[in-house]
Amino acid sequence: MPITTAVEAPWPRSEPSTLTPGVEQTQLREAIRGLLTKWSGIEQVRAAAETAVGYSPDLWRRLVEDMSITALAVPEDRGGLGYGMVEFGIILEECGRNLVCEPVYTSAVVGMSALLAATADDISDLLGNVLEGTMIATATSLTPATDDVQASEAGDAWTLTGMATHVLGGVGADVVILSANTASGRRLFVTTAGDHLVPSEREVIDPTRRQADLTLRQAPALALTTAADHDQVCTQLLDLATLALACENTGIVDALLEMTVQYVQTRHQFGRPIGSFQAIKHRLADVLVELERARSACRYAAAVYDEDPATARLAIAVAGSVCTDAALYAAAETVQLHGGVGFTWEHPAHSYFRRAMGNEALQGDSRVHRARIASLIGI
């Protein structure tokens, strides 16, 4: 599918640009779904997650070359295709449907956005490599809760010492973005893999999205922000990460509903499919309602974000809350409605449940997002 130009907004900037999928968005969804259906089935995902880097380099190459995954939402003047989160949200929904463990969220979304937001002038090589997909980027939570790091300056050079914990894809990452204390306040920095960066893998609930603790020993680094713009950049990156996971959670709900509907049509009790029982129909209807709420919330937030990220915080917080609850609810219902087989390690439902719980831990549960909503509207 050729992607050549950005979508023009048909409304004034006060209105979201795209609230319903157009032909181009439909074609994008069909293309990414076809690729992931062929190369990212549940057994392929589980096998890739057990490799040294925790993902399939072959599938990552296909995503970069066939779908322009790293360039899709990058501005044209920075070497990308100029699309936004409306289009990238489609990619993330489909990644959620297939439990993709490749670094789409870490490198193509959060890592790329952190590099694009940098006020430093000497990261063009790193940005180019991440854009081409030849280097994998990741970012910490960018908060003192995980980043106990001190930055020291000698001339124009920076070095980092300390530890960053709970880093997604920390073992296989080539580029790491983190926050650190300086004499003038906290700033964002980027460092690259090497002997100065020692990873220690963590045991996590979701084996398809691995984490590591990183020990930094005089690691050479580049400053991405000043102390003055650190908070603003971190807030924008947090919003983007929340929106990305909301889209992924929506895809998870979609996959779980489809999986369960297929199962209740084939599982028989008392001589008839269990899906014909009213109680089962009602529970599936509730999951469908959750799916539609999640779709509406994340797609609206993506459209608002593309118009002006600064005005999208409330919509993103709503999406974070709604989509997190929807994914956990759908996962629990899927396990229950599959009966005994749904509780087994072999069944895909358990992997989706783990991803939903892992996503909740990354950006906070729905209570965290609702507290943010209350703060934003002055309650």
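A brief look at the structure comes next. (Residues numbered from 1 in each chain as written. Predicted model: local features only at pLDDT ≥ 70, side-chain atom pairs only at ≥ 80, totals over all residues. Heavy atoms only, no water.)

Where helix α7 (residues 230-266) meets helix α10 (residues 348-363), the axes come as close as 10 Å, and the angle between the chain directions of the two elements is 160°. Between α7 and α10, the angle is such that the two are roughly antiparallel. Crossing hand, α7 versus α10: left-handed. Here Leu 238, Ala 241, Thr 242, Leu 245, Glu 248, Asn 249, Ile 252, Ala 255, Leu 256 and Met 259 of α7 come into contact with α10, specifically with Pro 348, Ala 349, Tyr 352, Arg 355, Ala 356, Asn 359, Leu 362 and Gln 363. Taken together, the residues of the contact of α7 with α10 break down into 12 nonpolar, four polar and two charged. (Axes fitted to C-alpha atoms, helices over the stretch in contact; angles between N-to-C directions. Helix = DSSP H or I, 4+ residues; strand = E, 2+ residues; numbered from the N terminus. Parallel < 35°, antiparallel > 145°, perpendicular 65-115°, else oblique. Left-handed = near helix turned anticlockwise from the far one by under 90°. Contact = heavy atoms within 4.5 Å. Nonpolar A, V, L, I, M, F, W, Y, C, P; charged D, E, K, R; others polar.)

Along the chain, the position of Thr 146 falls in the loop between β1 (137-139) and β2 (147-154). Note on Thr 146: relative accessible area 13%, which makes it buried. Side chain to side chain, Thr 146 and Ser 141 meet in a polar contact 2.6 Å long. Setting aside anything within four residues of it in sequence, one finds Thr 146 in contact with Thr 140, Ser 141, Met 163, Ala 164, Thr 165 and His 166. (Buried < 20%, exposed > 50% of the residue type's maximum accessible area, 1.4 Å probe, protein only. Polar contact = N/O pair within 3.5 Å; in protein donor to acceptor, adjacent residues only side chain to side chain.)

Following the criterion strictly, the structure yields 24 salt bridges and no others. We note a salt bridge from Arg 97 to Glu 94, for which the minimum N-O separation is 3.7 Å. Of this pair, Arg 97 and Glu 94 both sit in helix α4 (residues 85-97), three residues apart, roughly one helical turn. Three or more residues are tied together by salt bridges with common partners; here these are Arg 29, Arg 33, Glu 93, Glu 94, Arg 97, Asp 254, Glu 258, Glu 292, Arg 295 and Arg 299. (Salt bridge = Lys/Arg side-chain N within 4 Å of Asp/Glu carboxyl O.)

Before going further, it helps to examine the nonpolar core. Counting 98 residues, the largest nonpolar core has Trp 60, Leu 63, Ile 69, Phe 88, Ile 91, Val 104 and Ile 177 as the members making the most contacts within it. Take this core: its biggest share by element is 18 residues, from α7. If we skip the residues at most four places from it in the chain, Leu 63 touches Ile 32, Leu 35, Leu 36, Ser 68, Ile 69, Glu 102 and Val 104. Leu 160, Leu 178, Ala 180 and Leu 214 belong to the second largest nonpolar core, which has 17 residues in total. (Core = buried A, V, L, I, M, F, W, Y, C linked by side-chain atoms within 4.5 Å.)

The interhelical angle for the contact between α7 and helix α9 (residues 313-337), taken along N-to-C directions, is 30°, at an axis separation of 8 Å. Taken together, the axes of α7 and α9 are roughly parallel relative to one another. The crossing of α7 and α9 is left-handed. Contact residues: Thr 235, Asp 239, Thr 242, Leu 243, Ala 246, Asn 249, Thr 250, Val 253, Leu 256, Met 259, Thr 260 and Tyr 263 in α7; Arg 313, Ile 316, Ala 319, Gly 320, Cys 323, Thr 324, Ala 326, Ala 327, Ala 330, Ala 331, Thr 334 and Leu 337 in α9. Across the contact of α7 with α9, the residue classes tally to 14 nonpolar, eight polar and two charged.

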